[in-house]
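# Residue-level structure breakdown
Here are the chains, one letter per residue:
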Amino acid sequence: MKNIILLTVLFSFFFGNGQKSKLSSEHYQNVRKAFRQKMPDNSVAVLFSAPIRNRANDVDYIYHQDPNFFYLTGWHQPHSVLMIYKNPQSDSDGVYYEKIYVPERDNYMEMWNGKRYDLEQVKQLGYERVAERLDFKNDCDDLGSFDQVLMFEFKNDIRNQNTYVFKDNIRFKVDDPHDLFDLKATFREAINFPNNFNRLAHKAYQRIMEADQESLEKIKEEVEYLVKRDSLLMEDEIIRDFLKEPDQDFYREVKRKTAFALQNYNFDLETLPIIMRDMREIKTKNEIDLLKKAVAISVVGQIEVMKAMHPDMGEREIQGIHEFVYRKYGAADEGYPSIVGAGENSCVLHYIENDKEEINNQLVLMDLGAEFFGYTADVTRTIPANGAFSPEQKALYQIVYDSQEVAISGSQVGNTFRSIYLSSYDIIAKGLIQLGIISEASEARKYYPHGLSHHIGLDVHDPGNYQDLEADMVITIEPGIYIPENSPCDPKWWNIGIRIEDDVLITNDGPVNLSAGAPRDWKDIEELMKEESALKDFILPEINSLVQ
Ligand code: GLY
Ligand code: MN
Ligand code: MN
């Protein structure tokens, strides 16, 4: 009996599937249609699902779909590929513009890791063509016929995975010939992706090819900039020659060599990220609805913690209350590791250890966001554990609050990310000067070392162009002041870290603060902290009394 259990444990491994989408197949059909319109002529886009990542031994991390893949498909399973074609393709069933490749049914794997789908069932989700993974290999043979193969850069974090086959009722562990590792290897080969590929050198080659008499100087500057980022590029003969002072003949020769270096490649790493960020920075109504829910859930988490907080709590317990609220509302996950930092930990911008056991009377910075059907909130409140801000905490808090107020009201269509950042910086700099913490505005960067704002969506730091604010963007507004110990100011300010972060929908009628339900004003926070918590009677036995 013991042996059987042991064997079962040894043969188990977890990966499961990512979370299913809540949006309709029509939503995704529309997204893919809009995507196709942005593609260059005679191009194909190839996107892969996220890899399964190992946590330790035979346990993997919970699967999370790649946000770009999910954005275009809503498909939640690993080992899958999407192809979208600009121009019509045809097969015996007629014309099509897209094909998704998914894992085939496998009773044994499904017993461990959950349901897979028949191709017909996947088709019901609105894809024009659905194929098994092994067809991908055949279809890769045609990639040479496209002018451009749009793709993201490969990352080297995929494992070659196993599967099981049965012979005479005996189970054998074998290499899965169609896992993501093999799918990408097939693709790499089909597009002739160089083993020693250097992204910057490739970029430089492409710029060199674009250079003409008029743009030569500008492109030289660009290539010089790339060389600054990686000085080894100067060892590349083509790049070195290009950066010399060429006469026309010499220059033509460099271009000829560059063309030769590029001729075997039709892959394109630039266009796909641009299309994705152009699309993803503007949210559809369906996406906004999901984001509103993710934010509303996160707001309840902040409110409940404000009521429940007391000085005997540890950071982890506070984190647990937020995350319990998220689960209670059906949010499967957090959009990023929860940050709960008290005292000196509040000064660590992305502090995620959350292991201080006693927070006493310190200020607690809580930066957390529920992920609701893929879409994540990102909300921060900073509150005093004992329910009352000290004079120093209050003075700094008020500056961050004022800075945030100015930035939120400036979050208007037509303003830029830069302009609202500068408005927030200005308030913080003036406030810190007034308190004698700094003497000139440029020093404020030391205590406000991060940006003001980013898009949220399927990623907590969602892609975007970060230029003008436009309607239907959803962005954070998150100024902060952090004064770690030993900073060059009066020690009474040390170990105070404050961030106030809200999620703001940009509309033609002005900004809408989606997280306004969680108090921000220090007086409102103190008032709410006096209220009784729903967890008041949630009293668990002392752990030592339970240990045998
Ligand atoms: N929670 C990470 C951030 O605020 O950007
Ligand atoms: Mn945050
Ligand atoms: Mn943020």
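Residues numbered from 1 in each chain as written. Chains lettered and ligands numbered in written order. Predicted model: local features only at pLDDT ≥ 70, side-chain atom pairs only at ≥ 80, totals over all residues. Heavy atoms only, no water.

### Observations concerning the overall build of the chain
What the chain contains, in helices and strands, is 18 helices and 21 strands. By principal-axis analysis of the C-alpha atoms, the chain measures approximately 80 × 70 × 45 Å. Counting every position in the chain, which comprises 548 residues, the buried fraction comes to 51%. Contacts in the chain between residues far apart in sequence, at least 24 positions, make up 70% of those at least 6 positions apart. Approximately 26,600 Å² of the chain is accessible, and the part contributed by carbon and sulfur atoms is 50%. Side chains of the chain give 61 positive and 91 negative charges; the mean places of these two sets differ by 2 Å. (Helix = DSSP H or I, 4+ residues; strand = E, 2+ residues; numbered from the N terminus. Buried < 20%, exposed > 50% of the residue type's maximum accessible area, 1.4 Å probe, protein only. Contact = heavy atoms within 4.5 Å. Areas by Shrake-Rupley, 256 points an atom, 1.4 Å probe, with all protein chains shown as cover. Lys, Arg positive; Asp, Glu negative; His and termini not counted. Charge placed at Lys NZ, Arg CZ, Asp CG, Glu CD.)

### Structural notes on the coordination of the manganese ion (ligand 2)
For the manganese ion (ligand 2), the full set of protein donor atoms is Asp-367 (OD), Asp-367 (OD), Asp-378 (OD) and Glu-501 (OE), at a range of 2.0 to 2.3 Å. Between the two metal centres, the manganese ion (ligand 2) and the manganese ion (ligand 3), the spacing is 3.3 Å, with Asp-378 acting as a shared donor. With a gap of 134 residues between them, Asp-367 in strand β13 (residues 363-368) and Glu-501 in the loop between β19 (496-499) and β20 (502-507) connect regions that are remote in the sequence. One exposure class covers both Asp-367 and Glu-501, and it is buried. (Donors = N, O, S within 2.8 Å, 3.2 Å for Na, K, Ca; no water.)

### Looking at the state of the cysteines
What the rule picks out here adds up to zero disulfides. In this model Cys-347 remains outside any disulfide bridge; the closest cysteine sulfur is found in Cys-489, 10 Å from its own. (Disulfide = S-S within 2.5 Å.)

### A closer look at the sheet that holds strand β21 (residues 510-513)
The strand order across the open sheet built from three strands is β17-β20-β21, with neighbouring strands paired in antiparallel fashion. What marks the edges here is a single partner per strand, and that holds for β17 (474-477) and β21. Between one strand axis and the next, the sheet turns by 40 degrees as a mean value, whatever way the strands run. Note: β17 against β20, four bridges, orientation antiparallel. For Thr-476, the partnering residue across the bridge sits in β20 and is Asp-503. (Pairing = 2+ DSSP bridges. Axes fitted to C-alpha atoms, helices over the stretch in contact; angles between N-to-C directions.)

### Focus on the site of ligand 1
Close to ligand 1 lie Tyr-336, His-350, Asp-367, Asp-378, His-454, His-461, Glu-478 and Glu-501. Separating a nitrogen atom of ligand 1 from a side-chain N or O atom of Asp-367 is a distance of 3.1 Å. In the environment of ligand 1, an oxygen atom lies 3.0 Å from a nitrogen or oxygen atom belonging to the side chain of His-454. When grouped by side-chain class, the residues that make up the shell around ligand 1 number one nonpolar, three polar and four charged. (Near = heavy atom within 4 Å. Polar contact = N/O pair within 3.5 Å; in protein donor to acceptor, adjacent residues only side chain to side chain. Nonpolar A, V, L, I, M, F, W, Y, C, P; charged D, E, K, R; others polar.)

### A word on the nonpolar core
Note that soluble globular proteins tend to have their nonpolar side chains buried in a common cluster. Judged by nonpolar contacts, the single largest core of 100 residues is most densely connected at Phe-35, Met-309 and Leu-396. Among the elements that take part in this core, helix α13 (residues 285-308) stands out by supplying ten residues, more than any other. Discounting residues that sit within four places of it in the chain, Met-309 has contacts with Ile-318, Ile-359, Val-364, Met-366, Ile-383, Ala-385 and Met-529. With 24 residues, the next largest nonpolar core counts Val-44, Tyr-85, Phe-136 and Phe-267 among its residues. (Core = buried A, V, L, I, M, F, W, Y, C linked by side-chain atoms within 4.5 Å.)

### Topic: the coordination of the manganese ion (ligand 3)
For the manganese ion (ligand 3), every protein donor is listed as Asp-378 (OD), His-454 (NE2), Glu-478 (OE) and Glu-501 (OE), and the spread of their distances is 2.0 to 2.1 Å. Around the manganese ion (ligand 3), the six donor atoms are arranged such that angles at the metal cover 52 to 155 degrees; this shape is classified as irregular. (Tetrahedral: all angles 85-135°; square planar, octahedral: opposite > 155°, others 65-115°.)

### Focus: a nonpolar patch on the surface
Taken together, the side chains of Val-165, Ile-170 and Phe-172 make up a nonpolar region of the molecular surface, amounting to roughly 240 Å² of accessible area. Structurally, the position occupied by Ile-170 is in strand β9 (residues 170-175). (Patch = residues over 30% accessible without salt bridge, like charges linked within 9 Å, V, L, I, M, F, W, Y side chains within 5 Å. Salt bridge = Lys/Arg side-chain N within 4 Å of Asp/Glu carboxyl O.)

### Brief notes about helix α15 (residues 391-409)
Here α15 contains 19 residues, and its C-alpha end-to-end distance of 27 Å stays within 8% of the 27 Å for a straight helix at 1.5 Å per residue. Residues of α15 that are buried include every one of Gln-393, Leu-396, Tyr-397, Ile-399, Val-400, Tyr-401, Ser-403, Gln-404, Ala-407 and Ile-408, and no others. (Expected span 1.5 Å × (residues − 1).)

### Examining the side chain of Lys-307
Position of Lys-307 relative to the elements: it lies in helix α13. With sequence-adjacent residues up to four places away left out, Lys-307 is seen in contact with Leu-528, Met-529, Glu-531, Glu-532 and Ser-533.

### Looking at the pattern of salt bridges
The tally for this structure, following the rule as stated, stands at 31 salt bridges. As a salt-bridge pair, Arg-199 and Glu-270 come within 3.7 Å of each other at their nearest N and O atoms. One end of the pair, Arg-199, is in helix α8 (residues 199-210); the other, Glu-270, is in the loop between β10 (267-268) and α12 (271-280), and 71 residues separate them in sequence. Overall, the relative accessible area of 22% leaves Arg-199 in the partly exposed class. Glu-222 serves as the salt-bridge partner of Arg-207, at 3.1 Å between the closest nitrogen and oxygen. Of this pair, Arg-207 sits in helix α8 while Glu-222 sits in helix α9 (residues 216-229); the two residues are 15 residues apart in sequence, bridging distant segments of the chain.

### Some words on the packing of aromatic side chains
Enumeration according to the criterion identifies 21 aromatic pairs in this entry. With 4.6 Å between their ring centres and 45 degrees between their planes, Phe-193 and Phe-197 make a pair best called tilted. The class for Phe-197 is buried, based on a relative accessible area of 17%. Members of the aromatic cluster, each reached through a chain of ring pairs, are Phe-48, Tyr-101, Phe-136, Phe-154, Phe-187, Phe-193, Phe-197, Tyr-265 and Phe-267. (Phe/Tyr/Trp six-rings, centres within 6.5 Å; stacked < 30°, edge-to-face > 60°.)

### Focus: the sheet that holds β13
Across a sheet, strands are paired by hydrogen bonds formed along the backbone, either parallel or antiparallel in direction. Spatially, the three strands line up as an open sheet ordered β12-β13-β16, and their pairing is antiparallel. Lying at the two open borders of the sheet, with one neighbouring strand each, are β12 (339-342) and β16 (379-384). Strand-to-strand, the axes of this sheet are offset by a mean angle of 10 degrees, without reference to chain direction. Pairing between β12 and β13: four bridges, direction antiparallel. Paired with Ala-342 across the bridge in β13 is Val-364.

### Details of the pairing of strand β1 (residues 43-48)
With six of six residues buried, β1 lies mostly within the body of the structure. Neither face of β1 is left uncovered, since the one carrying Ser-43, Ala-45 and Leu-47 and the one carrying Val-44, Val-46 and Phe-48 both have all their residues buried. Sheet topology places β1 next to strand β7 (residues 148-150); three bridges connect them, and they run parallel. Counted as the bridge partner of Ser-43 is Gln-148 from β7.

### With respect to the packing of α15 against helix α16 (residues 417-434)
Remark: α15 packs on α16, axes separated minimally by 8 Å, with the N-to-C direction vectors making an angle of 155 degrees. The orientation of α15 relative to α16 falls into the category roughly antiparallel. Where α15 crosses over α16, the handedness of that crossing is right-handed. Every residue of α16 that contacts α15 at Leu-396, Ile-399, Asp-402, Ser-403, Val-406 and Ala-407 is listed here: Ile-420, Ser-423, Ser-424, Ile-427, Ile-428, Gly-431 and Leu-432. Split by residue class, the contact of α15 with α16 holds eight nonpolar, four polar and one charged. (Parallel < 35°, antiparallel > 145°, perpendicular 65-115°, else oblique. Left-handed = near helix turned anticlockwise from the far one by under 90°.)

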